[in-house]
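Structural characterization, general
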Amino acid sequence: MKKEIIVAGFGGQGILSLGKILAHAGLIEGKEVTWMPSYGPEQRGGTANVTVILSDDRISSPVLNTYDVVVILNQPSLERFESQVKPGGIIIYDGYGIHRPPTRKDVSIYRIDAMDVAIESGNSKVFNMMVLGGILKVCPIVKTESIIHSLKESLPERLHKLLPENEKAIHTGMEIIKKEE
């Protein structure tokens, strides 16, 4: 098993944290892992993406031109990465702010309205965990328990009170992701 994933959107959406938690969960499960963040000089609002590779075998390079799974969280990222999904791959996108959805016919396309649900719940901070839940539902590359364990290790102890809220967000993401026909 080998999955090459990129998550792309705006800085401040928790993209790098999402990737780090996913990569760490892979390590917990004994997988070979790479985590490669990329972001502009802006702290919030600029573009950001993270590439995560999880594999049972050694990974030859963290640099990729195509991906098995592309997770899109804004229109500029959709325009940049839609063409880089391997045929037969997966596109997951959040509909918030997307005015031209993906059009590829040779990939599976899933929509997750995580930002809308996060705003409705009054807690946009858990947006990235909803997206991660959606990823795990469509592509169960690591166990949810490993994600929860990784989240616990990633958060400072003073924020451990937020663990139940983040775990709930992961499960919500699994429930709200829908395949487009």
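I will try to describe carefully the structure that is included in this document. This is a predicted model, so every value here is computed, not measured.

**Overview of the packing of aromatic side chains**
A full pass over the atoms with the stated rule returns one aromatic pair. Ring centres of Tyr67 and Phe81 lie 6.4 Å apart, and the angle between their planes is 80°; on these two criteria the pair is classed as edge-to-face. Pair noted here: Tyr67 is in strand β4 (residues 67–72) and Phe81 is in helix α2 (residues 75–81), with a separation of 14 residues, a long-range link. You'll find Tyr67 and Phe81 in the same group, each marked buried.

**Overview of the sheet that holds strand β7 (residues 178–179)**
Spatially, the seven strands line up as an open sheet ordered β2-β3-β1-β4-β5-β6-β7, and their pairing is mixed. The open sheet is flanked by β2 (32–39) and β7, the only strands paired with a single partner. In this sheet, β7 lies alongside strand β6 (residues 108–112) in antiparallel orientation, the contact comprising two bridges. Across the sheet, the residue bridging to Tyr110 is Lys179, located in β7. Taken strand by strand, helix α1 (residues 15–28) contacts β1 (2–10), β2 and β3 (47–55), and its axis lies near 10° from that of β3.

**Considerations on the pairing of β3**
Of all nine residues that make up β3, eight are buried, and the element is covered over most of its length. Where β1 lies against β3, nine bridges are found, and the strand directions are antiparallel. The partner of Lys2 across the bridge, within β3, is Ser55. For β2 and β3, the ladder comprises eight bridges, and the chain directions are antiparallel.

What counts and what doesn't
- Residues numbered from 1 in each chain as written.
- Predicted model: local features only at pLDDT ≥ 70, side-chain atom pairs only at ≥ 80, totals over all residues.
- Heavy atoms only, no water.
- Phe/Tyr/Trp six-rings, centres within 6.5 Å; stacked < 30°, edge-to-face > 60°.
- Helix = DSSP H or I, 4+ residues; strand = E, 2+ residues; numbered from the N terminus.
- Buried < 20%, exposed > 50% of the residue type's maximum accessible area, 1.4 Å probe, protein only.
- Pairing = 2+ DSSP bridges.
- Contact = heavy atoms within 4.5 Å.
- Axes fitted to C-alpha atoms, helices over the stretch in contact; angles between N-to-C directions.

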